[in-house]
Amino acid sequence: MSFALTVDGLTVDFNGFKAVDNFTTTIEMGELRVILGPNGAGKTTLMDLISGKTTSTSGEVKLFGREITRLSEHQIARAGIGRKFQIPSIFRDLSVIQNLEVSASGEPSVFKNLKYSITREEKQKIEEVIELTDLSDVLKSSAGDLSHGQMQWLELGMLITQDAKVILLDEPTAGMTKQETMKTADIIKKLKGKHTILVVEHDMAFVRDIAERITVMHLGKLLAEGDIDTIEKDEAVREAYLGSGGIH
Amino acid sequence: MIENRSLAQKLDWAVYITFFVVVLCLPLLTDDVFWLNRISKFLVFGLLGLAIALSWGYAGVLNLGQGLFFGLGAYMFAMSLKLKSGTSLQQGSDKPVPDFMVWNAEPGSPTELCCIVPGSWLWLPFQSQTFGMIMAVALPILVAFVVGSAIFRLRVSGVYVAIITLALVLLVRLLIIDAQPITNGFNGLTDLGWLNLFGVEFDPYMYETYYLVAVSCCVIMLAARWLVSTRAGLILQSTRDDANRSRYLGYDVAAYQIFFFVVSAAIAGFAGMLYVVAAEFASPTFLDISFSISMVVWAAVGGRSSLIGAVIGAVLINSIEASVSETEIFKEAWKLIIGVIFIFVVLLLPRGIAGVARDFARWLEDSYLQSTSKRG
Amino acid sequence: MVHRMANILFIGLSLSSILLLIALGLSITYGAMGVINMAHGELVMIGAYTAVLSGLYLNLNLFLALPLAFLVSAGVGLAVERVIIRQLYGRIIDTLLATWGVAILLQQLIRLEFGLSFFGIHVDGLGPGFQSFPIPAFLSENFDILGFTVQPYRSFIIVLTIALTFLTWFLMYRTSLGTQVRAIMRNPQMAAACGIDVNRISAWTFAYGSGLAGVAGVLLAGFKAVLPNMGESVVVDGFLVVVVGGVGSLFGTLLSAAVLGQINGVFAILTNDIVARAIVFGVVIFLILLRPNGLFGFKSR
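Since this is a predicted model, take the numbers as computed values, not measurements. (Residues numbered from 1 in each chain as written. Chains lettered and ligands numbered in written order. Predicted model: local features only at pLDDT ≥ 70, side-chain atom pairs only at ≥ 80, totals over all residues. Heavy atoms only, no water.)

Caption draft 1: Up close: the sheet that holds strand S10 (residues 221–227) of chain A. All names here are of chain A. Across the sheet, which stays open at both edges, the 6 strands sit in the order S6-S7-S8-S3-S9-S10 with mixed pairing between neighbours. Two strands in the sheet have a free side with no partner beyond their single neighbour: strand S6 (81–84) and S10. Between one strand and the next, the sheet's axes are offset by a mean angle of 20°, whatever the strand orientation. Across 6 bridges, the pairing between strand S9 (residues 213–218) and S10 is antiparallel. Within the sheet, the bridge partner assigned to Ile 214 lies in S10 and is Gly 226. (Pairing = 2+ DSSP bridges. Helix = DSSP H or I, 4+ residues; strand = E, 2+ residues; numbered from the N terminus. Axes fitted to C-alpha atoms, helices over the stretch in contact; angles between N-to-C directions.)

Caption draft 2: Highlighting the packing of aromatic side chains. Counted under the stated rule, the structure contains 33 aromatic pairs over all chains. Taking the centre distance of 5.5 Å and the plane angle of 55° together, the rings of Phe 70 of chain B and Phe 291 of chain B count as tilted. Of this pair, Phe 70 of chain B sits in helix H3 (residues 66–84) while Phe 291 of chain B sits in helix H12 (residues 289–302); the two residues are 221 residues apart in sequence, bridging distant segments of the chain. These aromatic residues form a ring-pair network of at least three members: Phe 45, Phe 70, Tyr 275, Phe 281, Phe 286, Phe 291 and Trp 298 of chain B. A cation over an aromatic ring shows up here: Arg 78 of chain A above the ring of Tyr 251 of chain B, its NZ or CZ 5.1 Å from the ring centre. Above the plane of the ring of Trp 13 of chain B lies Arg 225 of chain B, whose end atom (NZ or CZ) is 4.6 Å from the centre. (Phe/Tyr/Trp six-rings, centres within 6.5 Å; stacked < 30°, edge-to-face > 60°. Lys NZ or Arg CZ within 6 Å of the ring centre and 35° of its normal.)

Caption draft 3: Region of interest: the sheet that holds strand S5 (residues 66–67) of chain A. Residues and elements named next belong to chain A. On the basis of which strands lie adjacent, the open sheet formed by 4 strands has the order S2-S1-S4-S5 and antiparallel pairing. At either end of the open sheet lies a strand with only one pairing partner, and these are strand S2 (17–28) and S5. For strand S1 (residues 3–14) and S2, the ladder comprises 8 bridges, and the chain directions are antiparallel. What sits directly across from Thr 6, in S2, is Thr 26. Relative to the sheet, helix H1 (residues 43–51) contacts S1, S2 and strand S4 (58–63), its axis offset from that of S1 by approximately 110°. (Contact = heavy atoms within 4.5 Å.)

Written as structure tokens, this is what we have:
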């Protein structure tokens with residue numbers, strides 16, 4: 001069996017506070033994994049560590065068997081990890097289509113990007129994403145003028161044109177209406193299989209809708225792992241959530 | 001949705017073409033060579049506005065020390081032209097030595113460039129005009145690369161970039177003033193010779209020099225325009241909006257910032273060289289803070305995110321300044337007005353003249369589209 | 001040798017003091033409101049001219065000119081805040097640019113004698129030429145104690161700076177007003193949500209910082225020619241001190257003014273003024289590169 005992402009003994013120590021503590025998990029190719037955990041469990045920090053925003057104190061991260069722990073953010077991105085932030089992070093002063101053109105360039109070098117042309121594959125990728133995210137009516141608008149939901153979908157779309165093998169999603173439905181949440185779930189479901197996805201999410205309805213396997217974190221450590229029924233019955237998980245009112 | 005913002009783009013090109021036509025046809029309309037010389041200097045300032053727009057508008061990096069690159073370019077080339085000047089040939093000697101070195105030399109030192117004053121050997125290669133020309137662009141590029149690498153690799157951003165570049169231009173200005181024996185200190189390099197290219201002498205008050213400056217200016221504008229419309233230019237703008245997003249898309253943000261910082265420096269260095277050809281001097285005032293901030297003013301008034309807007313802003317402000325500068329009191333009053341205009345622009349027109357023009361074009365277009373859709 | 005060293009350090013200390021007074025005001029306006037006030041140097045200049053004019057027309061001496069200059073500069077600062085800066089909060093680079101326009105405006109108003117020179121009217125104490133401000137005789141004559149030369153005016157500067165620094169510290173850390181200012185520094189939205197009148201407090205803070213600039217101007221007038229453009233170099237120095245010290249840190253500003261002033265003083269004597277300033281700039285660039293948040297800064301805004 002081939003693993004897309006292997007996290008092994010990952011630890012980060014902020015002046016004595018271990019936000020992520022000896023965390024280990026493996027994610028299969030094409031899997032959709034949800035990470036749950038009460039506030040302060042270390043979910044976002046885990047994403048920071050995988051994507052290179054924060055440097056780990058010890059442990060390692062492997063992407064398709066290749067060690068990426070010590071690479072810088074853009075190298076990790078080039079290796080195949082895409083990240084979506086909780087607050088939509090897009091290029092607000094560029095148009096929607098320009099946002100996608102930036103993300104679609106398979107070429108990181110400055111000098112090789114000194115050209116106008118877009119390859120046919122890039123163009124095709126962009127068109128697919130526009131259809132998937134339903135942004136065709138606003139292609140020429142500034143990304144900053146989009147609705148909150150559209151911004152989130154644009155950011156998701158950029159990860160797809162970027163051709164990220166593993167996508168990290170940090171609360172993709174935060175602040176969304178019911179309809180928007182449903183549409184987001186649809187988009188994510190369509191990505192299943194083609195991309196390996198790691199989602200941090202609080203909305204249990206959403207989690208039940210999309211999740212296959214769930215990993216629960218507590219105080220930086222792995223608490224439980226399994227399918228949704230196992231997790232909901234798990235005693236340790238109930239215990240951890242008691243303080244914050246249980247799983248909703 | 002159909003391409004409905006085309007008028008603004010067409011307007012952009014129309015402005016470029018009009019600008020080129022006007023600039024290149026100007027000598028046909030006048031035989032006032034002094035006036036033409038003045039305009040050529042303003043075109044050089046236009047290039048400085050362009051360099052600022054490139055780094056500020058497109059990269060989001062406000063460089064308050066652009067005068068450093070302009071000054072370096074100017075000094076490098078002025079050194080070559082100084083050695084070609086008649087004032088550098090003492091008593092019919094055929095080995096040039098700058099006059100100020102002779103005045104400053106210790107009694108008894110040999111009247112040779114190698115050793116007349118300590119450090120004067122640095123001038124030796126500048127006997128070649130080509131060397132001076134190359135250095136006028138190469139040195140700014142080198143300095144910008146080193147400084148840019150330090151700033152952007154360490155992820156210094158925003159106001160701190162402005163403060164570092166500001167301190168840097170002041171630092172170099174002091175070094176130039178302090179190296180008085182080889183730079184002529186506060187007085188700078190004056191009484192320069194003329195540029196000689198392919199046998200043509202560029203007298204600053206002749207049409208040739210105007211055309212040299214005007215054509216260079218147009219070519220650089222087109223090149224810069226091309227640069228920002230490439231994928232690399234688009235990625236650069238993305239780093240301005242959200243550097244972290246660009247990083248997580250796999251771009252080495254610092255590399256893009258350094259590249260465009262260097263391009264901007266190279267343009268400023270080249271502008272310094274052209275200025276020396278037209279104005280026949282180089283001075284530490286090129287590295288004054290007020291000059292560097294003036295460049296930012298030109299770009300802001302013209303439109304910080306429009307290359308041609310910044311060029312027009314620079315030419316316009318300097319032309320008005322020149323026309324009111326005939327008397328001392330009006331000159332001072334003009335400075336006051338510039339202060340007021342600048343406050344006004346920052347408060348009310350943050351996108352400058354270019355922004356107003358674009359909004360106007362969009363408004364025209366929208367009302368046109370509305371009227372046609374009503375009819376149809 | 002010891003005496004010479006002491007003298008050098010003493011001169012450095014008085015340079016540090018002026019730097020600190022200028023930087024103190026900037027540190028407050030920059031730290032509390034995220035405003036880069038390029039016209040701060042012109043507020044110093046206005047303080048100096050207030051001293052000159054009050055000496056000429058009102059016959060006020062140094063000690064009366066100090067509070068007057070504080071009020072005048074504070075008033076001008078308040079006006080600038082109300083009319084211009086208020087509209088630019090959160091746009092830090094724009095505050096830099098707009099206040100640069102203000103700086104030119106103020107300089108030209110003094111140079112053109114408020115426009116009166118257009119009508120051929122000359123006002124003594126204004127105009128493009130330099131002015132001087134006499135300091136009381138008992139402060140200008142050096143005397144010796146145990147072989148150390150004491151320069152009373154420089155000593156006065158140091159003492160006054162210490163007093164004003166202490167006052168600022170007291171206002172910021174021991175009064176409820178100061179607590180509100182520090183709350184705004186850390187998080188303006190949250191401060192507003194807690195019922196702090198951010199607009200009013202910001203205006204008063206800005207006025208206070210401007211007033212300190214006025215005081216620095218009077219002290220500068222005591223040993224430097226007073227000129228319309230005297231503020232230009234001052235504001236850059238002040239900013240470098242604030243940034244190196246760390247935005248919003250009073251102690252950082254104090255330390256950085258002391259260090260940069262001493263470096264300037266010591267190298268000015270070992271080499272010359274020009275090289276000394278160049279070294280200061282070099283040190284500053286290096287420090288900002290290494291610690292962009294300053295020696296004692298916190299991340300904010």
